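Report on the structure
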Amino acid sequence: MRSSNAKATSERRVADMLKREFQGIGLYLFGISGIINILALTGAFYMLQIYDRALASGSIPTLVALSVLAIGLYLFQGLFDVVRSQVLVRVGARLDRKFAPIAHKVAIDMPRFGFSTAESLERGRDVDTVRSFLGSQGPMAIFDLPWVPVYLLFVYLLHPALGALTLGGAVVLTLLTVLNELMSRRLAGATQQAAIARNAVADSNTRNADILKAMGFAGRAVARYDVANREHLNLQTQTTDISGTLGAFSRVLRMLLQSAVLGLGAYLTIMGQLSPGAIIAASVAATRALAPIDLAIGNWKNVISARNSMRRLRDTLVAMGDGQPPMPLPAPSSRLTVDRITVAAPASGRVLLSEVAFELRGGQALGIIGPSAGGKTTLVKALTGIWEPIRGSVRLDGAELAQWSPDELGDHIGYLPQDVGLLDATIWENISRLAPQRDSAKVVAAAKAAGVHDMIVQFEDGYDTQVGPQGSALSAGQRQRIGLARALYGNPFLVIMDEPNSNLDADGETALTRAINDIRARDGIAIIVAHRPSALVAVDQVAVIQNGRMTSFGPKDEVLAATRGGLRPVRVATETQELSA
Ligand SMILES: Nc1ncnc2c1ncn2[C@@H]1O[C@H](COP(=O)(O)OP(=O)(O)OP(=O)(O)O)[C@@H](O)[C@H]1O
Ligand SMILES: [Mg+2]
């Protein structure tokens, strides 16, 4: 648990980092936008000069000179516009390069904390949202907004009444933007939740393609998706309705204002207070003054989603902590200490395992037995650091797991989960845990230790065989043995296997027993969760986990003798208390 103080520090650090990274470019873009907006006054000035100078004097050379000047200025404006949009796209790309890996790291961490896959992937998409927003019209509006007063001033200088009218229009349009914001804020969050819910249904449907086909309920699965999709569509329609309606309203208002400026200008001209050129110039400048506000309203939906994404991205960066890796520790070599741990489910906080304590030394192997749903996998998750205990600690050679940097700790741990879970890559990449360089000696050693080498070389592509999504190109037993090789890769000190023999044949079980003996022989620690006693041949210690408690722990023969003829929770529990007393 990090203190709120540490969180505040981390927040400040992230804010500083973002500021350092993007403040300079922000000022630069602001400057370019200023030049563009001043050059955009060209049209208005041109009208003014044509009417009041060229037409009044009837001079062709004046007309030509004015036109050439105007063309030149327009070209410059275009040039700066191109530069600005190119810079924005590059800012987006830079942000993407910097943050996408961080966001993905958080995304792959989130399921451990009880978030759905769909929800986790949404984190990764935040970067996409911000990047594509930066490449769109939205940020132009934001950078143009501060220059609206320049146009208002221009119109005001032509005639104060016209300036007041335009200002009035700007205020009304701004109020529309605020209204848009207030009305769509609530919807934006709900829409995103609906999208996550829809993607979660889609995700679970595609993952279960086989059972949907075999038992013919694909239709009902699609219907379930349809419901989620409609919900999302509904909310999205509402959001789009709001911005669409207000957008149309603001466009009409803008046209109305343009005509109103012309009308008022004509009245002022008739009253002799304004030149005819000024009417047109005022109309053009008034339109231009309101354009960024109009653009902002039209893009408000994107502005909101980009802002939400940016906010979540900042939370993501804050959640990653200060990025300072802990000091490297020597490889563990002597003991695993479980110090009265209590483990809770991350999402619900329900306690699944309480007050488990034991110690193992290098060279020992522990078998964990007990009824289904007793908490064996939960214990394994705490031992591997997947779930942090809410009380107590897990230590290797005395140092708590949190004292290691996760990658370094991973080198000392081998883990074969109950659902093997291979990555969509080659066999050697899976065994070597995606090692950047192929160390064939290490890969083969692990495969041999798991007794899977001979099977692998029989594949046409050998170690380069692609295992497919979730390892679907392999049989369940093959997956389990490759999973075992991955757990043994690099001879980690602590190897934890959750039901490693559930899909193994006799050969596989022999290989497993040999692997456990090998680990013990090199003074490592092996922990095996098992239902079938055949997996316990090579262990010397046994623990019984049931109802979220460790009811027994000790030398294999004693514990098995005590539990023979079925597990007797009460009796065994007393025994444990005696043991720990
Ligand atoms: N992610 C989770 N969130 C909430 N509860 C969970 C979670 N994972 C497991 N549980 C609950 O914790 C209890 C223990 O589950 P666990 O997976 O540890 O059992 P197990 O002993 O490994 O069983 P099995 O032999 O069937 O694998 C169960 O009641 C289960 O419903
Ligand atoms: Mg289990």
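Residues numbered from 1 in each chain as written. Chains lettered and ligands numbered in written order. Predicted model: local features only at pLDDT ≥ 70, side-chain atom pairs only at ≥ 80, totals over all residues.

Some thoughts on the overall build of the protein chain
Definition in use: What counts as a helix is a DSSP run of H or I of at least four residues, what counts as a strand is a run of E of at least two, and both are numbered from the N terminus. Here the globule rule reads 2.2 Å times residues to the power 0.38, and the radius of gyration is calculated from C-alpha atoms. Using C-beta atoms placed from the backbone, we call a residue buried if 20 or more other C-beta atoms fall within 10 Å of its own, exposed if 12 or fewer do, and partly exposed for counts in between. In this description, a residue-residue contact is defined by the distance between C-beta atoms placed from the backbone, which must lie within 7 Å.
Looking only at helices and strands, the protein chain has 20 helices and ten strands in total. Taking 25 Å as the expected radius of gyration for a compact globule of 581 residues, we find that the protein chain reaches 34 Å, considerably beyond that expectation. With respect to the principal axes defined by its C-alpha atoms, the protein chain has extents near 115 × 55 × 50 Å. Taking all 581 residues of the protein chain together, the buried fraction comes to 36%. Put simply, 74% of the contacts in the protein chain that link residues at least 6 apart link residues at least 24 apart.

Observations concerning the pairing of strand β4 (residues 391–396)
Keep this limit in mind: Here the rule is simple: two strands pair whenever DSSP picks up at least two bridges between them.
Alignment of strand β1 (residues 335–344) against β4, held across five bridges, turns out to be antiparallel. When the sheet's bridge partners are listed, T342 is paired in β4 with R391. Relative to strand β5 (residues 399–400), β4 runs antiparallel, the two being bridged by two bridges. Residue L396 lies in a different strand from β5, and its bridge partner there is A399. In sequence, β4 turns back onto β5 through a hairpin of two residues, with D397 there showing a positive phi of about 50°.

Quick word on the confidence of the model for the protein chain
In regions of low pLDDT, the predicted coordinates are not meant to be interpreted in detail. Counted only if it meets this: Residue-level confidence of the predictor is what pLDDT reports, using numbers from 0 through 100.
Looking at the protein chain as a whole, the pLDDT averages 87, with 95% of positions reaching at least 70. Least confident of the elements in the protein chain is helix α20 (residues 569–580), whose mean pLDDT is 38; most confident is strand β8 (residues 525–529), at 96. Under a pLDDT of 50 for its full length, residues 568–581 has, in the predicted model, 19 contacts with residues more than four places off or in other chains.

What to know about the domain arrangement of the protein chain
How we decide: An automatic or database domain assignment supplies the residue ranges for each domain.
Parsing the protein chain into structural domains produces domain 1 (4–319) and domain 2 (335–580). With centres defined by C-alpha atoms, the gap from domain 1 to domain 2 works out at 53 Å.

Some words on the site of ligand 1
Our working definition: Near residues are defined by distance alone, with the backbone-placed C-beta atom required to lie within 6 Å of the molecule or strand. Throughout this entry, Asp, Glu, Lys and Arg are counted as charged residues, while Ala, Val, Leu, Ile, Met, Phe, Trp, Tyr, Cys and Pro are counted as nonpolar. The remaining residues, Gly among them, count as polar.
Near ligand 1 you find 13 residues, and of these A345, S372, K376, T377 and T378 are the closest. Here the element with the most residues in the shell around ligand 1 is helix α12 (residues 376–383); it accounts for three residues. Among the residues forming the shell around ligand 1, the class breakdown is four nonpolar, eight polar and one charged.

Digging into the environment of N180
In this structure, N180 sits in helix α7 (residues 160–207). With near-sequence residues (within four places) excluded, N180 lies in contact with I242, S243, L246, I297 and W300.

Regarding the environment of A538
Along the chain, A538 falls in the loop between β8 and β9 (541–546). C-beta crowding within 10 Å serves as the criterion here: with 19 such atoms nearby, A538 is assigned to the partly exposed category. For the pair A538 and I297, spaced 241 residues apart in sequence, the C-alpha to C-alpha distance is 70 Å. Contacts of A538, omitting those with residues within four sequence positions, involve A365, T513, I516 and N517.

Topic: the packing of helix α9 (residues 218–270) against helix α10 (residues 276–298)
The following threshold applies: Convention adopted: a line fitted to C-alpha atoms gives each axis, helices being fitted over their contacting stretch, and angles between N-to-C directions are expressed from 0 to 180 degrees. To sort the angles, those under 35 degrees are grouped as roughly parallel, those over 145 as roughly antiparallel, those from 65 to 115 as roughly perpendicular, and the leftovers as oblique. It is the rotation of the near helix from the far one that decides the hand of a crossing: anticlockwise by less than a right angle makes it left-handed, clockwise makes it right-handed.
As a packed pair, α9 and α10 sit with axes 9 Å apart at the nearest point and diverge in direction by 165°. Accordingly, the angle class assigned to the pair α9 and α10 is roughly antiparallel. Between α9 and α10 the crossing geometry is right-handed. Along the contact surface, α9 presents L246, G247, S250, R251, R254, L257, Q258, V261, L262, G265, A266 and T269, while α10 presents P276, A278, I279, A282, S283, A286, T287, L290, D294, I297 and G298. In terms of residue class, the contact of α9 with α10 is built from twelve nonpolar, eight polar and three charged.

Overview of the packing of α7 against helix α11 (residues 300–319)
Interaxial distance between α7 and α11 falls to 10 Å at its minimum, and their mutual angle equals 55°. Taken together, the axes of α7 and α11 are oblique relative to one another. The interaxial crossing formed by α7 with α11 has right-handed handedness. Residues T177, N180, E181, S184 and A188 of α7 form the contact with α11, whose participating residues are W300, K301, I304, S305 and N308. Residues of the contact of α7 with α11, tallied by class, amount to three nonpolar, five polar and two charged.

Points about the sheet that holds strand β10 (residues 549–555)
Taken in spatial order, the six strands line up as β6-β7-β8-β3-β9-β10 in an open sheet, and their pairing is mixed. Across the chains shown, the open sheet's two edge strands, defined by having one partner strand only, are β6 (413–416) and β10. Sheet twist, expressed as the average angle between the axes of neighbouring strands with direction ignored, equals 15°. Here strand β3 (residues 365–369) runs beside β8; their pairing, made up of four bridges, is parallel. By the bridge assignment, I368 is partnered in β8 with V529. Of the strands in this sheet, β6 and β7 (494–498) are in contact with helix α17 (residues 476–488), which crosses β6 at around 170°. The sheet strands contacting helix α18 (residues 506–521) are β3, β7 and β8, and the helix crosses β8 at an angle near 150°.

A few points about helix α15 (residues 440–449)
Here is the rule we go by: Each C-beta atom gives one direction from the helix axis, and the arc is the one those directions make.
Restricting attention to buried positions, one finds in α15 the residues V443, A446, A447 and A449. Along the long axis of α15, the arc covered by the buried residues comes to 165°, so they all point the same way. The outward face of α15, more than 90 degrees from its buried face, is lined by the exposed residues S440 and A441. For α15, the elements touching its buried residues are α14 (427–431), α16 (453–457), α17 and α18. Positive backbone phi, at 65°, marks G451, one or two positions downstream of α15.

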